Amino acid sequence: RLKGLYKSRWKVMAVFIPIAFIFLSNQGYYSTNSTCFHNYDNFNWSELIANICGLSDSYNLEWWFFKSYVAALITFLLIKKIIRRFSVYGNIILMVIGCLLITNIFPYLGNFAGLSNNFIYKTFLCPSAPYTSCFWIGSFVTS
């Protein structure tokens, strides 16, 4: 699944990123969101490679879900083992505790431990909680 997802991402990037650099490099301000304007001002190889690898979505904001989806695919087997091991109530309690840890504890712990810039830490232990909760609920319901 990951291979197919990356292929789809690369196809979209191959078509739309060059077009964006050609037509949007001198784009005027049309909204209050400043991140929309400066993505295509200057070409940067490191930013392009980060977008190709899926580490950044700065060139194509429609792929906002990509990192969360990759993290979900990678952690699915672990979550499935946890779901099969515990009862319904145990899974609900674990989901609530997990979401509290992800939203309240891990981001602050990363700041104190010097992990705030670590990509793996931020992707797997500090994703946004609504997506994580929805993934856990969906995994629980389907198994």
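Structure first, text after, so check above.
Residues numbered from 1 in each chain as written. Predicted model: local features only at pLDDT ≥ 70, side-chain atom pairs only at ≥ 80, totals over all residues. Heavy atoms only, no water.

Peer 1: Report on helix 1 (residues 2–24), specifying residues and quantitative values.
Peer 2: At Met13, helix 1 is bent by approximately 30°, the largest bend along its length. When we look at burial in helix 1, the residues that qualify are Leu5, Tyr6, Arg9, Met13, Ile17, Ala20 and Phe21. Buried positions along helix 1 lie against helix 2 (45–53) and helix 3 (66–85). (Bend = angle between axes of the 7 residues up to and from the residue. Helix = DSSP H or I, 4+ residues; strand = E, 2+ residues; numbered from the N terminus. Buried < 20%, exposed > 50% of the residue type's maximum accessible area, 1.4 Å probe, protein only. Contact = heavy atoms within 4.5 Å.)

Peer 1: A description of the packing of helix 1 against helix 2 should follow, citing residues and the corresponding values.
Peer 2: Interhelical geometry of helix 1 versus helix 2 gives an angle of 140° and a closest axis separation of 9 Å. Judged by the angle between their axes, helix 1 and helix 2 are oblique. In this structure, helix 1 uses Tyr6, Arg9, Trp10 and Met13 to contact helix 2, whose residues at the interface are Leu48, Asn51, Ile52 and Cys53. In terms of residue class, the contact of helix 1 with helix 2 is made up of 6 nonpolar, 1 polar and 1 charged. (Axes fitted to C-alpha atoms, helices over the stretch in contact; angles between N-to-C directions. Parallel < 35°, antiparallel > 145°, perpendicular 65-115°, else oblique. Nonpolar A, V, L, I, M, F, W, Y, C, P; charged D, E, K, R; others polar.)

Peer 1: Help me get a handle on the packing of helix 1 against helix 3, residues and values and all.
Peer 2: Between helix 1 and helix 3, the shortest axis-to-axis distance is 11 Å and the interhelical angle comes to 165°. On the basis of their axis angle, the class for helix 1 and helix 3 is roughly antiparallel. Where helix 1 crosses over helix 3, the two elements pack in a sense that is left-handed. Counting all contacts with helix 1, which are made through Leu2, Leu5, Tyr6 and Arg9, the residues of helix 3 involved are Phe66, Tyr69, Val70 and Leu73. (Left-handed = near helix turned anticlockwise from the far one by under 90°.)

Peer 1: Would you mind going over the nonpolar core in detail, with residue names and values included?
Peer 2: Membership of the largest hydrophobic core is limited to 8 residues, which are Ile79, Ile83, Met95, Cys99, Ile102, Phe106, Tyr121 and Trp136. At the level of secondary structure, the elements contributing two or more residues to this core comprise helix 3 and helix 4 (88–113). It is helix 4 that contributes the most residues to this core, 4 residues altogether. Counting residues in each nonpolar core, the second largest holds 7 residues, with Ile17, Ala20, Tyr40 and Leu48 among its members. (Core = buried A, V, L, I, M, F, W, Y, C linked by side-chain atoms within 4.5 Å.)

Peer 1: Go over helix 2 with me, naming the residues and quoting the values.
Peer 2: Considered for burial, the residues of helix 2 that qualify are Leu48, Ala50 and Asn51. In an axial view of helix 2, the angular spread of the buried residues amounts to 160°, which keeps them on one side of the axis. For helix 2, the elements touching its buried residues are helix 1. Once helix 2 finishes, Gly54 follows within two positions and takes phi at roughly 90°, a positive value. (Arc of directions from axis to C-beta.)

Peer 1: Residues and numbers for the packing of aromatic side chains, please.
Peer 2: If you walk through the whole model with that rule in mind, you get 1 aromatic pair. Taking 5.5 Å as the distance between ring centres and 50° as the angle between the ring planes, the aromatic pair formed by Tyr6 and Trp10 counts as tilted. Placement of the pair is Tyr6 and Trp10 together in helix 1, with a separation of 4 residues, close to one helical turn. What makes Trp10 partly exposed here is its relative accessible area of 39%. (Phe/Tyr/Trp six-rings, centres within 6.5 Å; stacked < 30°, edge-to-face > 60°.)

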